[in-house]
Structure formats: C-alpha cells, structure tokens
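Spelled out, the chains give:
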Amino acid sequence: MHAWAWLHNRPVRLFIASLAFGLGLLVTIFAAYNVRLSIEKKASLQFASLCDQITLKIRERLTAYALLLQGGQGLFAASAAVTREEWRSYVEAVEASETVPGLQGIGFAEFITKEDLDVHVARLRGEGFPGYEVQPAGERDSYAAIVYLEPFAERNLRALGYDMFSESVRRQAMERARDTGTATLSGKVTLVQEDGHDVQAGSLMYVPVYRQGAPTGTVAERRAALRGWVYSPYRMNDLMKGIVGNWEILGDIPLDLRIYDGPDTSPANLLFDSRPEGKPEPDTLFHQERTISFNGQPWCLVFCGIRTPTQLNYLSAWLTLAGGAIMSSLILGLLIVLYKRSDAVEMAETLAGQIRNMAFHDSLTDLPNRRLLHDRMEMALAGNKRTGQHGALLMIDLDNFKPLNDRHGHAAGDHLLVEVARRLRGCVREIDTVARIGGDEFVVLLTGLDRDPAKAADESLGVAEKIRAALARPYVVLLNQGTDQFVEHVCSCSIGVALAGHLDTDQPQIIHRADDAMYQAKKRGRNRVAMSPAAGS
C-alpha cells in the first residue's frame, strides 16, 4: 500500500500533471513557431522570385539596348559615310522608344585625333551648325565628340559636340568597348542632357564602330581601325520606369530597389532608388541582393521589402497553437486518468533509471563521467589496499582533434569521439574503466595489476601502447548525418601513466601525476606514452 501512496498525493499529482501540460504547451509553441517560419519562408521565396524576375527584366533590357546599338554599328559597317538624315531615319525605323521604353536616345560619337580636330569642326559647321565647337574646350591628344543623337530635341540638343573622352568614367567604358569590340556599360555619370531640373544619375552604353574593311583581330588593329562609337545615354529613373513600370503593383510586399554602380553599396555609387523618400527600416526577411555583370561592368541590385502586420497570413500558425493547446488539455485529462493505473509506477521508474544513467555517464559516448570515475577509483584504491596489488591511471589526450572541429564542425568531432570511445573499450578488460572527463580527454583505470611495481608498470605500459596504436589509426568520419559524405582524419594521442599501489590513497595526487606525465608525452613530440615517477620519488 505504501508503495502506491504517492498516487493519492495531490501535490505530487498536480506537479506531474502541470509539468506534462507545460511541456505540451512548449511543444505547441515550437510547432506554431515552425509553421510561422514556413509561412515566412514561403513569402521570402516569393519575394526572391519577384527579385529574380526584375533582375531578368533589367538584364534582358540591357541586352535589347545592346542589340539596338549593334544595329547602328551595322549601318556604319554597310556604308562608307552615314549622313545625319540616314541616322535619323534608322532611329525612327527601329522605334526604340516604343520597343524599349526608357531610352534617352541613340547617338554616334566620332573619334578625332588632335590633328583632325579643325577639319572636324569645319565639317560640322558646314552641315548647318555654324557655332559648333568641341566641348569642353582645350587641347587633348584625342577626342570623342557627339555628332549624332536622335531624337535631336529638348535635352539632347545640349549634347552636340560634347567630348566624352574628356570625362574619365565615360572614357574607361569607351576604351573597353574599343579594345574588346563588344557593347560596354559606363559607371555612374551625370549626363550632359541634365539642365538642373530633376537631375538623375546616368549611365551610357557604347558599341565600337570600325572603318570598313579594316582588320580588327587584335587590340592594336581595333585601336587603329576605330571610327567612333554608337552609344545611348540613360537617365536611370526614366530607364527603370520603362523596364518595371508601376512599382506599387509588383507584389504583396512593398518593394524598394536600389541599384549601385559596382559591388560597393555606398551612397556615392547609388544609381537608382525606387523609393527615395523616407521609409522604415527594411525587413531582413525581405532583403535580397543580385548582381548583373554586363560585359565587365557590374551593377549591384539591392531589394528591400517593407512588411506590415497585415501582409502575411499567420492563420495556420494560430490554428496550430490553438489545436496544440487543446491537445495539451486533453493530455492533461488523460494523465489524471492514468494516475489510477499501475503502469504509472513503471513509467516513473524508467524515467528515474534514465536520469540516473545521465548523472553518471557521458551523453555522447555513454562512457562513465567524472562522478562515476571518482567512485570507481575509490573502490580500486580500497581493493589495492586489501590485496596488495597495483592499479594504474592512464590520462589520454587527443593530439589533432581541434582542426577537425574547426574545419568540419562539431558533428564531425562528435563522430570521432564516439569512435575513440569504441576503440578504447576494445583495448581493455571488462574489469577496467574507460571514462570521458572533458572534450577530448579520456581516462582509463586499470585494476588487478601485479603486486611487483616493475611488472605492474610493464603491464600498464603495454595497455597504454596498445591504446596509442589503436587511436593512431586513421578515422573515417561522417560529416553530416543522413549523407554519404566522409573524410579521413588522423588523430593520435598522448598518454600519461601513473601507478597506484596499496599505499596510494590520494585520488587528486594520482590524477595529477598522470596528467603531468601526459603533458610530458606532448612535450616529447606527441603520439607517445610517458610514465609518471612513483609517488614520493
């Protein structure tokens, strides 16, 4: 009757029932949290998909612009001289503003040497521009003056005669196009079309034009054959409006896109911001970065979504929470019923056994821990005193364990420690004790050794050498559970041995001697065994 008395103890029953109910609620909260994470992950993936679509649109539009400019390149390749009227007709024929909205214009910049500058200016004045000059003024080795730009109206009128070689960012892109023969994109610039009103960051695309029939197989030949560049200027806000359109209807999450010239996302490199007005801090859940590299010129696209409480539907998470709470309540009621049954005692005893095992054993290797080692050393020392036999304590420290942990993670390290424990058990008798006392530190307690100290020392050194050889063999370590990824790792050990005779009763002193011997083994080069001097020597 007394063994079952606790079943009628109201405080005990209330405690156990409350604990079960609390654990049920914790599991419920964890499950609801994971449902919430799933909802947010789905939303994040949708946001990432939207970012991919926009990135693809921008990349495709840049490719389309390059094709338009290459069409102009073809016009020059097919004709020894392209007149202003022919250029206007070409631009009107391709209907660029309708086909690819956001285009500022399509133009041609002529490459001019210092010696040909006067002839160039005279020719342009003769074409109906009596006040034509190459700007900015000043003597330079070469020039790249804008001579055609259609539509030739409004802002574009300001560009005629502008020497794009006079500005370093434009010049770098033009020289790259000249040397590679491909379409190139410039870095961030301020276009000459800007008139001080609604100034926007700008960029330009260039396609080189070479003289008819001239060889262009090498960089030197392309430089010698250069005639000029077909190009197009872009005001970034106008360009992006033509590509994306209405930013407000792209998705459920308000989106801010910032485009930077190059990988550096500092304000100085900002080309475009879809929401330049003040805005709240972006949600890290909806933050994506993409890179577009157009023939060597990278753009960094930073997407930020601004989340509000109504934009994600967490109904399923709330339902999981409510359902789990109900289930926890049902479990609580069921436990109250189960108190009347005898298997509750068996369950309690099983739980107590598990806790007892955890108190005395290492959770990873299931080897005895410090507490159980202490108890067994007490028993071994008492046995030595009674029989006159010797025992030995082997302090073992792994030599090359940390690099495995650092390189492949703690899971790989745990697999190796479990294998070390298995090998250690295989090297000793059942009456001996193998314990784990630290991260990569193990202890072997040998009992029942010979009464003669020299013979006992030989026996303990023989076991230590056997252990050293066993642990020095290479390990094949599983990197990730559930995969077939393995790595071979060599991890030797250093062993310190301390004998304990019938007069040795001080556990800390024996452990200290074994520990000192182990460090002596490490100092001598590791992967070796060192014997501690006898106590008092």
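You'll find the structure just up there.
The paragraphs below set out a description of the structure included in this document. All of these numbers come straight from a predicted model, not from anything done at the bench.

Rules behind the numbers
- Residues numbered from 1 in each chain as written.
- Predicted model: local features only at pLDDT ≥ 70, side-chain atom pairs only at ≥ 80, totals over all residues.
- Heavy atoms only, no water.
- Buried < 20%, exposed > 50% of the residue type's maximum accessible area, 1.4 Å probe, protein only.
- Helix = DSSP H or I, 4+ residues; strand = E, 2+ residues; numbered from the N terminus.
- Pairing = 2+ DSSP bridges.
- Axes fitted to C-alpha atoms, helices over the stretch in contact; angles between N-to-C directions.
- Contact = heavy atoms within 4.5 Å.
- Salt bridge = Lys/Arg side-chain N within 4 Å of Asp/Glu carboxyl O.
- Core = buried A, V, L, I, M, F, W, Y, C linked by side-chain atoms within 4.5 Å.

Let's talk about the pairing of strand S12 (residues 441–449)
- For S12, the buried fraction is high: seven of the nine residues fall into the buried class.
- Note: strand S10 (residues 390–398) against S12, seven bridges, orientation antiparallel. Each residue of the ladder has a partner; that of leucine 394, found in S12, is valine 444.
- The pairing of strand S11 (residues 433–436) with S12 spans four bridges and is antiparallel. Residue pairing for S12: alanine 435 is matched across the bridge by valine 443.
- Connecting S11 to the next strand, S12, in antiparallel fashion are four residues.

Quick look at the sheet that holds strand S9 (residues 297–305)
- Spatially, the four strands line up as an open sheet ordered S7-S6-S9-S8, and their pairing is antiparallel. In this open sheet, the two strands that pair with only one neighbour each are strand S7 (270–273) and strand S8 (287–294). The sheet shows a mean angle of 20° between the axes of neighbouring strands, direction not considered.
- Strand contacts of helix H7 (residues 236–244): strand S6 (255–261), S7 and S9, with the helix running at about 45° to S7, the strand carrying the most contacts.

Topic: the pattern of salt bridges
- Considering all chains together, one arrives at 23 salt bridges under this definition.
- Here glutamate 133 makes a salt bridge to arginine 125, at a shortest N to O gap of 2.2 Å.

Side note on the nonpolar core
- Judged by nonpolar contacts, the single largest core of 56 residues is most densely connected at Ile58, Met205, Ile259 and Trp299.
- In terms of residue count, helix H1 (residues 10–77) provides more of this core than any other element does, twelve residues in total.
- Residues contacting isoleucine 259, with those up to four places away along its chain left out, are Ile58, Met236, Met240, Asn269, Leu270, Leu271, Phe272, Trp299, Cys300 and Leu301.
- Residues Leu367, Val420, Val428 and Leu449 belong to the second largest nonpolar core, which totals 35 residues.

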